[in-house]
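# Coordinate analysis (summary)
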Amino acid sequence: MLYKINDKIITRSDIDLLTVENIDDSIYELVNAILKNDNKKAIKLYYNFINNGMDVSQIIAIIASQIRLLFQVKRLYNSGKSNEEIAKILEFKSPYRVKYLLNDCYYYSEDDLIKYLSKLADIDKNIKSGNGDGKFLLELFIAKKDM
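As a starting point, this report considers the structure included with it. Since this is a predicted model, take the numbers as computed values, not measurements. (Residues numbered from 1 in each chain as written. Predicted model: local features only at pLDDT ≥ 70, side-chain atom pairs only at ≥ 80, totals over all residues. Heavy atoms only, no water.)

### What to know about the overall build of the chain
Across its full length, the chain holds 8 helices and 0 strands. N-terminal to C-terminal, the α/β element order of the chain is α-α-α-α-α-α-α-α. Scored against the burial criterion, the 147 residues of the chain give a buried share of 35%. The contacts of the chain with a sequence gap of at least 6 include a subset with a gap of at least 24, amounting to 57%. Carbon and sulfur atoms make up 52% of the accessible area of the chain, which totals about 9900 Å². (Helix = DSSP H or I, 4+ residues; strand = E, 2+ residues; numbered from the N terminus. Buried < 20%, exposed > 50% of the residue type's maximum accessible area, 1.4 Å probe, protein only. Contact = heavy atoms within 4.5 Å. Areas by Shrake-Rupley, 256 points an atom, 1.4 Å probe, with all protein chains shown as cover.)

Next comes the structure, spelled out in structure tokens:
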């Protein structure tokens, strides 16, 4: 209200300008967009991270961490564990988190998730060995183009 004291009208763009986006939500959205092949949304979120100063290696690590978590939940569920057991094994505070992760990984096999992790590891290796531009390689991964 102090920001717009003279105008008396607060718009959505004013709110966006003055608030900080929750990075955890953005990461979750980025991984979901990648897995659901929503390239436009994924690229937009990816460049939002880049423009806010996040390093490509950090982004890779965060994406890999979330996909690894999906894999772990899927693997435990497929081995017959209940949501409560999975939550305990993965040290979650609540089994509801397991429920949401299971919903996210329902359409992907364990092999699909491993392939994503393998591609991310290859990108990370190429970046660290100087065999490619990290921003470009990760953008290709997001767009699902063969590298």
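Still more ground to cover, so stick around.
### Quick notes on helix H3 (residues 39-51)
Relative to the 18 Å expected for 13 residues at 1.5 Å per residue, H3 spans 18 Å between its end C-alpha atoms, a close match to the ideal helical length. Taken as a whole, H3 has its buried residues at Ala42, Leu45, Tyr46, Phe49 and Ile50. Along H3, the residues classed as buried sweep out an arc of 145 degrees about the axis, all on the same side. Exposed residues lying more than 90 degrees from the buried face of H3 are Lys40, Lys44 and Asn51. Of the residues one or two after H3, Gly53 is the one with positive phi, at around 90 degrees. (Expected span 1.5 Å × (residues − 1). Arc of directions from axis to C-beta.)

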